[in-house]
Amino acid sequence: MHITRQALKRFGLDRVWWLVSPGNPLKKHGPAPLEQRLSACRRIMQHPRVTITDIERHLGTRYTAETIAALQEKYQHVQFVWLMGADNLASFHLWQDWQEIMHRVPVGVLARPGDRISARRSVAAQRFDHARLKGPASQLLARSQAPRWCYINVPLNDTSSTALRAKGTWAR
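Draft legend 1. The pattern of salt bridges, seen in detail. Within the structure shown, the criterion is met by three salt bridges. The closest approach of N and O atoms between arginine 57 and aspartate 54, which form a salt bridge, is 2.3 Å. Taken together, the shared-partner salt bridges connect Glu35, Asp54 and Arg57 into one network.

Here it is as structure tokens:
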């Protein structure tokens, strides 16, 4: 959707993969069935440079650090960039092996409503302040070596995945 197009443009990416996860280990309640979520994602995101995938299911990975390591092993000639919303940066230090993620791939962070200040003051932002690429240089992120991260402001849309689920968007 809009934020994905902004990521492609602002970070100089060739492609974006939407990783539809079997489940989030940090969440108490499981998501809707995977096939249902894949189908919904394919309906709402149709772009020639965006791939909707359940590759984590095929790789057998559960945590982001494991997924990135497996992708780098499988696609050794691809330069990966991890994308996340600012809300995730605010709690990134709670992720398993979060520092390994920062050392494996550049990270693109996109502003989301209500999380700008907490993201910029987060444990991860402070720990990796030396590796921050300023917003005006965001186009360099895809060609950067880790650790490197960039925080950009994009036109905000406050529709959250929680709100989409509450509307029944994933139940079609």
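Let's pick the thread back up.
Draft legend 2. View of the packing of aromatic side chains. Taken as a whole and judged by the stated rule, the model has six aromatic pairs. Each ring, one from tryptophan 17 and one from phenylalanine 80, has its centre 5.9 Å from the other, and the planes form 70 degrees; the classification is edge-to-face. Separated by 63 residues along the polypeptide, tryptophan 17 in strand S1 (residues 16-19) and phenylalanine 80 in the loop between helix H4 (64-74) and strand S3 (82-85) bring together distant segments of the chain. Take tryptophan 17: its relative accessible area is 30%, and that puts it in the partly exposed class. Judged by relative accessible area, phenylalanine 80 falls into the buried class, the value being 16%. Aromatic pair tryptophan 98 and phenylalanine 128: ring centres 5.9 Å apart, planes at 80 degrees, arrangement edge-to-face. One end of the pair, tryptophan 98, is in helix H6 (residues 98-104); the other, phenylalanine 128, is in the loop between helix H8 (123-127) and strand S5 (132-133), with 30 residues separating them in the sequence. The class of phenylalanine 128 is buried, set by a relative accessible area of 0%. Taken together, Phe92, Trp95, Trp98 and Phe128 form an aromatic cluster joined through their ring pairs.

Draft legend 3. Region of interest: the nonpolar core. Ranked by size, the top nonpolar core spans 25 residues in total, and within it Leu89, Phe92, Val109, Trp149 and Tyr151 carry the most contacts. At the level of elements, H4, S3, helix H5 (86-90), H6, strand S4 (107-110), H8 and strand S6 (149-152) are the ones that each hand at least two residues to this core. Setting aside its immediate chain neighbours within four residues, valine 109 contacts Phe11, Met84, Gly85, Ala86, Leu89, Trp149, Cys150, Tyr151 and Ile152. Residues Trp18, Leu38, Cys41 and Leu110 belong to the second largest nonpolar core, which totals 21 residues.

Draft legend 4. Focus on the side chain of serine 144. Residue placement: serine 144 occurs in the loop between S5 and S6. Polar contacts involving the side chain of serine 144 include one to the main-chain carbonyl oxygen of leucine 140, which spans 2.8 Å. Those residues in contact with serine 144, other than ones at most four positions away along the chain, are Gln79, Pro106 and Leu133.

Draft legend 5. How the structure looks around the sheet that holds S4. Across the sheet, four strands lie side by side as S3-S4-S6-S5; this open sheet has parallel pairing. A strand with exactly one partner marks an edge of an open sheet, and here the two such strands are S3 and S5. Pairing geometry for S4 and S6, over four bridges, is parallel. Bridged to valine 107 within S6 is tryptophan 149.

Draft legend 6. Focus on the environment of glutamine 76. By the element assignment, glutamine 76 lies in the loop between H4 and S3. Here glutamine 76 falls in the exposed class, since its relative accessible area comes to 55%. A polar contact of 3.2 Å, which involves the side chain of glutamine 76, links it to the backbone oxygen of glutamate 73.

Reading the values: rules and limits
- Residues numbered from 1 in each chain as written.
- Predicted model: local features only at pLDDT ≥ 70, side-chain atom pairs only at ≥ 80, totals over all residues.
- Heavy atoms only, no water.
- Salt bridge = Lys/Arg side-chain N within 4 Å of Asp/Glu carboxyl O.
- Phe/Tyr/Trp six-rings, centres within 6.5 Å; stacked < 30°, edge-to-face > 60°.
- Helix = DSSP H or I, 4+ residues; strand = E, 2+ residues; numbered from the N terminus.
- Buried < 20%, exposed > 50% of the residue type's maximum accessible area, 1.4 Å probe, protein only.
- Core = buried A, V, L, I, M, F, W, Y, C linked by side-chain atoms within 4.5 Å.
- Contact = heavy atoms within 4.5 Å.
- Polar contact = N/O pair within 3.5 Å; in protein donor to acceptor, adjacent residues only side chain to side chain.
- Pairing = 2+ DSSP bridges.

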